[in-house]
Amino acid sequence: MLPLLREPTFSEKWLPPLTSIIGFLELLKDTTVLDDHQQELVDSATTSAKNLSFLVNDILDFTRLDSGNFMLDPKQVNIYICLESVIDIVHLKAEQAGLVLVLLVERKVPAMVVVDSGRLSQVLLNLLGNSVKFTSSGTVLLQVLCCGDGLRFDVQDTGIGFSVDQAAQLFEPFQQADKSITRKYGGTGLGLAICTRVVTLMGGMLEASSAGVGMGSLFHFTIPLSRTPNEGISIVSGELEVSSTTSAVPYSCPVPDVSVTTYQKLTETRVAVIDNHPERLCSTVELVSAFECDVLPFDSANAFMIESPAVSIVLYLPESKQNEELSHVLHGIRLVMRNHLEDDTEKIAVLCQLGDTALIQPHLQTKDDLLVLPLKSRQLLRCLTLNEPTSPITTLRDSRPNVGNIQRSDVYILLADDVLMNRRLVCAKLNQLGYPNVDDTNNGRECVDKLLSSPPDHWQDEVLVLLFFYWQS
């Protein structure tokens, strides 16, 4: 029995349906009929739903912040996973708006930190969402830098910008730079007010600057951080927690659990990155460099073919997706690579948007890769390890325990919940876990009636489990 000790508030009434959405998406992820792209879509939907369930509490958060009742929940997280999840949520909207969304993490940034990742994500999602909303063309950049004794987070765009007078009220609650903005773009004006208070609690200060109206904007904050070589890194509300580590893999490696053998092979790998977008090229180069690979950047395929460097892997974002031209360019890249390799071990990894995969797939060979943007650190690692069987990275689907054959026919579960979607979700999850005998009722009285109406010998050879979910005032 799981009693909840208070009446649902307004914001909490939003959470049950969102929880159901997340639960059904998790069930969908467990199916084996999804291909990799479908799996990624479901993952993105799940992440979005989780963040939505978090963001519906903004007004409650603002009230708590003002009253001093707001608490952080710091935990150890991989900063790359946190940042990539944020980018994943914003990416589709940016792509639909014709914008280039770039995540640029400085190579020196530690991978593992202790921080309230939910609140950090909340701040970054708000800033990036604003940038995408107020930018009609160009680039939105999230950059993370080591800055003195801290980590600096920059969100920069080429959008509408703001004047010096408008800047004064940006962080005030229920205020926007211009009243016409509310009419055109919507919003409550609470987001930045919450962000600045959350950043302050984390030991930083949120600031904004712009060269003027129509000149883009920059929002940035720095979270205090102390760092010692060969030691763990922590950010907890601006205070340091250091833990020693004996790993031979540097603290800045985006995938800290990579094996030492695989990491050493990465340091011997030479990679070329080809992309005609400067910020995105820099982003990919920094990510590859974080794995200690030797990286050569090129702003075009022609530049790569003219220089003709000796590399074993090429990451290429096509300038054109026309069949004939793309085929010609890939063939030229492959010839350059084979000139320096004794055997056919070259690999071309083409980066593209999800909607372009069908156009590009026919031009790839068996050993090539197709990487869907936004590029993620573990996705890149699988590519850089040349799909070796010793690679430590497995898909989430492969790492799940096989529960499909577990039988619990001797267990009878009776569920009571007044929310229909909750009952359906719990029943489906229990069935998936191998419990076929599950009944549900609307409330505790119906549950008792069902038990009393069953014949006495019905329970002799079975274990009875009762699950109650209800609000208690």
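To be clear, the structure that these remarks concern was listed above.
Position numbers for residues start from 1 in each chain and track the written sequence from start to end. Note on the predicted model: pLDDT of at least 70 is required for a residue's local features to be given, and 80 or more for side-chain atom pairs to be given and counted; whole-chain, interface and lining totals, by contrast, use all residues. Side-chain numbers here rest on the full set of heavy atoms in the structure, without hydrogens or water.

Student: Could you give an account of the environment of Asn78, with specific residues and numbers?
Tutor: A run of H or I in DSSP becomes a helix once it reaches four residues, and a run of E becomes a strand once it reaches two; helices and strands are each numbered from the N terminus. In this structure, Asn78 sits in strand β2 (residues 75–78). Residues Asn78 and Ala111 lie 33 residues apart in sequence; the distance between their C-alpha atoms is 5.4 Å. Contacts are residue-level and defined by heavy atoms, with any inter-residue pair within 4.5 Å sufficient. In contact with Asn78, not counting residues within four places along its chain, are Ala111, Met112, Pro254 and Pro256. Within 3.5 Å is the distance limit for a polar contact, defined as a pair of N or O atoms, with the added protein rule that one can donate a hydrogen and the other accept it, and that residues adjacent in sequence qualify only through two side-chain atoms. A polar contact of 2.8 Å, which involves the side chain of Asn78, links it to the backbone oxygen of Pro254.

Student: How would you sum up the pairing of strand β5 (residues 138–147)? Please name residues and give values.
Tutor: Within β5, seven of the ten residues are buried, which leaves the element mostly enclosed by the surrounding structure. Pairing geometry for strand β3 (residues 99–105) and β5, over seven bridges, is parallel. Across the sheet, residue Leu99 finds its bridge partner in β5, namely Gly138. The pairing of β5 with strand β6 (residues 150–157) spans eight bridges and is antiparallel. Buried, partly exposed and exposed residues are distinguished by accessible area as a fraction of the type maximum, computed with a 1.4 Å probe on protein chains only: under 20%, between the cut-offs, and over 50%, respectively. Strand pairing is assigned whenever DSSP identifies at least 2 bridges connecting the two strands.

Student: Outline helix α5 (residues 117–133), listing residues and values.
Tutor: Helix span, as expected, comes to 1.5 Å for every residue beyond the first. With 17 residues, α5 should cover 24 Å at 1.5 Å per step; its first-to-last C-alpha distance of 23 Å lies within 8% of that length. Taken across its 17 residues, α5 has 13 buried, putting it largely inside the fold.

Student: Describe the sheet that holds β6, naming the residues involved and giving the relevant values.
Tutor: Sheet strands pair via backbone hydrogen bonds, and the direction of the pair is either parallel or antiparallel. In spatial order, the strands read β3-β5-β6-β8-β7; together these five strands make up an open sheet with mixed pairing. Either end of the sheet is taken by a strand with one partner, and the two such strands are β3 and β7 (207–209). Strand-to-strand, the axes of this sheet are offset by a mean angle of 15°, without reference to chain direction. Of the pairings in the sheet, the one linking β6 to strand β8 (residues 217–224) comprises eight bridges and is antiparallel in character. Residue pairing in the sheet places Arg152 in a bridge with Thr222 of β8. What counts as an axis is a line fitted to C-alpha atoms, over the stretch in contact for a helix, and the angles between N-to-C directions run from 0 to 180 degrees.

Student: Kindly report on the packing of α5 against helix α8 (residues 191–201), identifying the contributing residues and their values.
Tutor: Across the interface, α5 lies against α8 with an axial gap of 10 Å and an inter-helix angle of 145°. By crossing handedness, the relation of α5 to α8 is classed as left-handed. Along the contact surface, α5 presents Arg119, Gln122, Val123, Asn126, Leu127 and Asn130, while α8 presents Gly191, Leu192, Ile194, Cys195, Val198 and Val199. Charged residues are taken to be Asp, Glu, Lys and Arg, nonpolar residues to be Ala, Val, Leu, Ile, Met, Phe, Trp, Tyr, Cys and Pro, and polar residues to be all remaining types, Gly included. Class assignment for the residues of the contact of α5 with α8 results in seven nonpolar, four polar and one charged. Crossing handedness is defined as follows: a turn of the near helix away from the far one that is anticlockwise and smaller than a right angle gives a left-handed crossing, while the clockwise case is right-handed.

Student: Tell me about the nonpolar core, residues and numbers included.
Tutor: We call a set of buried residues a nonpolar core when its members are Ala, Val, Leu, Ile, Met, Phe, Trp, Tyr or Cys and they connect through side-chain atoms within 4.5 Å of each other. Core analysis: the largest hydrophobic core is formed by 78 residues, its most contacted members being Phe221 and Leu315. Examining the composition of this core, we find that eight residues originate from one element, helix α4 (residues 79–96), more than from any other. If sequence neighbours within four positions are ignored, Leu315 has contacts with Val271, Ala272, Val273, Ile274, Thr284, Val288, Ala349, Leu351, Leu371, Leu380 and Cys383. The next biggest cluster of nonpolar side chains, apart from the first, holds 21 residues, and it includes Phe304, Val314, Leu330 and Ile348.

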